[in-house]
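Structure at a glance
Okay, here's what each chain looks like letter by letter:
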Amino acid sequence: MSEFLERRGPLARLREPTFWGDNAALIGLIIIGVAFSLLSPYFLTWGNITALLVSASILVVLATAQQFTIVSAGIDLSIAANLPWAAVVFGLVYNSGLGMVAAIIGAIAAGALVGVVNGLIITKLRINDFIATLGMLGVMSGVALIASSGQSFSVFSGFLQTLALGSIGPIRYFYLIALVVVLAAHVVFRYTAFGTHVLATGGNRDAARNMGIPVDRMRIAVYAINGALVGVAAVLLVARTGGADPSIATDELLSSIAAVVLGGSSLFGGRASMIGTVAGALVLTTLLNGFTLLQVSSFYQPIAVGLVVIAAAALSRFQQ
Amino acid sequence: MSTPSTTSATPVLAVHGLSKSFGAVQALLGADLICRPGEVTALVGDNGAGKSTLIRCITGVQSFDDGDIQFNGKSMRLGSPTEARSRGIETVYQDLALVEDLTVWQNMYLNRELTRGIGPLRLLDRRRMIDETRQRLERLLVNMPPVSARVRRLSGGQRQSIAIGRAASWGSTLVIMDEPTAALGVRERDSVEKLIGRLREDQIAQLIISHDLEQVMRVADTVWIMRRGATVAEKRVAQTTREELVAAITGADQVR
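These remarks concern the structure in this document. (Residues numbered from 1 in each chain as written. Chains lettered and ligands numbered in written order. Predicted model: local features only at pLDDT ≥ 70, side-chain atom pairs only at ≥ 80, totals over all residues.)

**Section: the overall build of chain A**
The cut-off we apply is this: Strands here mean DSSP runs of E at least two residues long; helices mean DSSP runs of H or I at least four residues long; both are numbered from the N terminus. This radius of gyration counts C-alpha atoms alone. The globule rule is 2.2 Å times how many residues there are, raised to the power 0.38. With C-beta atoms placed from the backbone, a residue is labelled by how many other C-beta atoms lie within 10 Å of its own: buried for 20 or more, exposed for 12 or fewer, partly exposed between the two.
Secondary structure assignment for chain A yields 16 helices and four strands. For 320 residues, the compact-globule estimate of 2.2 N^0.38 gives 20 Å, and chain A sits close to it at 20 Å. For chain A, the spread of C-alpha atoms along the three principal axes comes to 60 × 55 × 35 Å. For chain A, the proportion of its 320 residues judged to be buried stands at 51%.

And the structure:
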């Protein structure tokens, strides 16, 4: 925040329209949380909070992956196919007896490889991010089906069970991993030269190039990181579901973009807010969780999610 | 060439007989230019006279066909703007190359970030960059914006000043500015001109492209006039008038 805001009191900050735009997701999360806790006594129990955090974890990791591309003024639609692809690679490597470490490395490498290909298509062939990753969405969904012969298959492992269900005290490993990913991304954006260069690349590509930042390399790197994080999400997904399913995960794609936008990052790039993105992912998950508690038909859930995204976008018009 | 000038020190920049053609179009036909240390040199001329092409050749954005560019007495042929920067030649283009969503200090240190720590754990030294940006800009700018504000919140004049302040840091010996006050109001233009004056006191050579002849008379020491791809005159501001400059720009001085 600018010093100019810091000098005023907290009440003055509340009157700034940018405050509401910048913190739309966090404010939304609080409102939704209060509403559900009034409507359902079960909502604020530790059991439900844990369930909520666990079910938000994969989305949080995917939204972090999406955050990297969106900050660079790109977008990754191929997430929906990269996720099952990395899950299939993970399952195949593990089931072939190479061990858990090799399987995890395989999943992350498979995801990162797709990211690098995305980055190369975008920078070397000069193809718009949207089109390039839309193309890769198709390609990778086919590749995932071929690699798995179109069948979902089980992956049994004690390690995965511990990952999905184990905990340190009351803290579950599952969302701890998501938290580590988020903190790492936050440090990258806020405290590293690399992160600043990514922000500059997304905020004003010509200016970044002018200052000697290798813009194309930055964009390839961003897609590589995105892909690697999708690999991490794939490991979590297999741990949660107990198997690898090659079919495409469009829900996760839309939610990952929605979470980032809810979090106050501009789709035009240049702004990153990890707190916002996490809050965005939690808003989406909390809506589903609360509706389930209130026994609202699942048919209404996507409507509510869609309306929340539009409301957040309307609020973010005050951002500048 | 009229009124060759005084100072004997090696020029920061000396361009001789530069020519450049794009296909059949001769953009430069033997352009000369000299920038002396601690002086403000203005480059004037009508649209299409070749000012921009000349600047792009000097800063390595464009190659040239023939001629010679000497920087601090040594011939050089730059391959890229990055190479120019590494030799202390900074250019402030009209688009300013600022990232609006980054703060003043982040823009100041863009791609020159100070870090501490070792290996992959090198983190930004935010405190030091913020402090040093404040110190540096406070000395140069009349109307100092908060260094932690995003550039998006600043006025046109503040942005221009920050772009110039950034270019003049990092031990640069020549700062080139393309129409530094074209889009500014009177007060903001005034503060940018003060900044130019302060950089002159710091002995930084400046080359300014400007259409505003009153401004040229106010801030420059020497004026080079371009017409149809060639430099047609060099004038000391102290020994010329606005009317003489207009005549040289339009070619009216040749008719007589």
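On we go from here.
**A few points about the overall build of chain B**
Just so we agree on the cut-off: The contact rule is simple: place each C-beta atom from the backbone, and if two of them lie within 7 Å, those residues are in contact.
Scanning chain B for helices and strands turns up nine helices and 12 strands. Since a compact globule built from 256 residues should have a radius of gyration of about 18 Å, the 19 Å found for chain B is in line with a globular shape. Dimensions of chain B along its principal axes, counting C-alpha atoms only, are 65 × 40 × 35 Å. Looking at chain B as a whole, 45% of its 256 residues are labelled buried. Taking as baseline every contact in chain B between residues at least 6 positions apart, the subset at least 24 positions apart corresponds to 68%.

**A word on the sheet that holds strand 10 (residues 205–209) of chain B**
The pairing of strands in a sheet comes from backbone hydrogen bonds and takes either a parallel or an antiparallel form. Residue and element names in this part refer to chain B. Heads up, the rule is: Only strands joined by at least two bridges in the DSSP assignment are considered to pair. The axes used here are C-alpha line fits, helices contributing only the stretch in contact, and every angle between their N-to-C directions lies in the interval 0 to 180 degrees.
Overall, mixed pairing links the six strands, which are arranged 6-9-10-3-11-12 in an open sheet. Whereas interior strands pair on both sides, the edge strands pair on one side only; in this sheet they are strand 6 (89–92) and strand 12 (230–236). Across the sheet, the mean angle separating the axes of adjacent strands is 20 degrees when strand polarity is ignored. Packed onto the sheet, helix 5 (residues 156–168) meets strand 6 and strand 9 (174–178) and runs at close to 175 degrees relative to strand 6. Against the sheet, helix 6 (residues 186–201) contacts strand 3 (40–45), strand 9 and strand 10, and its axis sits at roughly 150 degrees relative to strand 10.

**What about the interface of chain A and chain B?**
Under the convention used in this document: Under the scheme applied here, ten amino acids are nonpolar (Ala, Val, Leu, Ile, Met, Phe, Trp, Tyr, Cys and Pro), four are charged (Asp, Glu, Lys and Arg), and all others, including Gly, are polar.
Listed per partner, the contact involves 22 residues of chain A and 22 residues of chain B. Taken together, the elements giving at least two residues each to the side of chain A that touches chain B come down to helix 1 (3–6), helix 11 (193–203) and helix 12 (205–210) of chain A. A per-element tally of the side of chain A that touches chain B places helix 11 of chain A first, with six residues. Its residues placed into classes, the side of chain A that touches chain B shows nine nonpolar, 10 polar and three charged.

**Overview of the nonpolar core**
Residue and element names in this part refer to chain A. Test applied: Throughout this description, the term nonpolar core refers to a group of buried Ala, Val, Leu, Ile, Met, Phe, Trp, Tyr and Cys residues whose C-beta atoms join them within 7 Å.
Val61, Phe90, Ala233 and Ala234 are the most contacted members of the largest nonpolar core, which has 179 residues in total. With 19 residues, the top contributor of residues to this core is helix 13 (residues 215–241). Setting aside its immediate chain neighbours within four residues, phenylalanine 90 contacts Ala103, Gly106, Ala107, Ala234, Val235, Val238 and Ala244.

**Concerning the packing of helix 5 (residues 46–71) of chain A against helix 10 (residues 173–191) of chain A**
Packed helix pairs are specified by the crossing angle of their axes together with the interaxial distance, meaning the distance between the axes. Residues and elements named next belong to chain A. Worth spelling out the cut-off: Any angle between 65 and 115 degrees counts as roughly perpendicular, while under 35 counts as roughly parallel, over 145 as roughly antiparallel, and the rest as oblique. If you view the pair so one helix is near and one far, a crossing is left-handed when the near helix is turned anticlockwise from the far one by less than a right angle, and right-handed when it is turned clockwise.
Running from N to C, helix 5 and helix 10 cross one another at 25 degrees; their axes reach a closest spacing of 8 Å. Relative to helix 10, the element helix 5 is oriented roughly parallel. Crossing of helix 5 over helix 10 shows left-handed handedness. Every residue of helix 10 that contacts helix 5 at Leu53, Val54, Ser57, Val60, Val61, Thr64 and Gln67 is listed here: Phe174, Tyr175, Ile177, Ala178, Val181, Val182 and Ala185. Its residues placed into classes, the contact of helix 5 with helix 10 shows 11 nonpolar, three polar and no charged.

**Description of the sheet that holds strand 2 (residues 25–35) of chain B**
All names here are of chain B. The sheet built from four strands is open, its strands ordered 2-1-4-5 with antiparallel pairing. What marks the edges here is a single partner per strand, and that holds for strand 2 and strand 5 (74–75). Here strand 4 (residues 66–71) runs beside strand 5; their pairing, made up of two bridges, is antiparallel. Its bridge partner lying in strand 5, glutamine 70 is registered against serine 75. Relative to strand 1 (residues 13–22), helix 1 (residues 51–58) is tilted by about 115 degrees, and along the sheet it contacts strand 1, strand 2 and strand 4.

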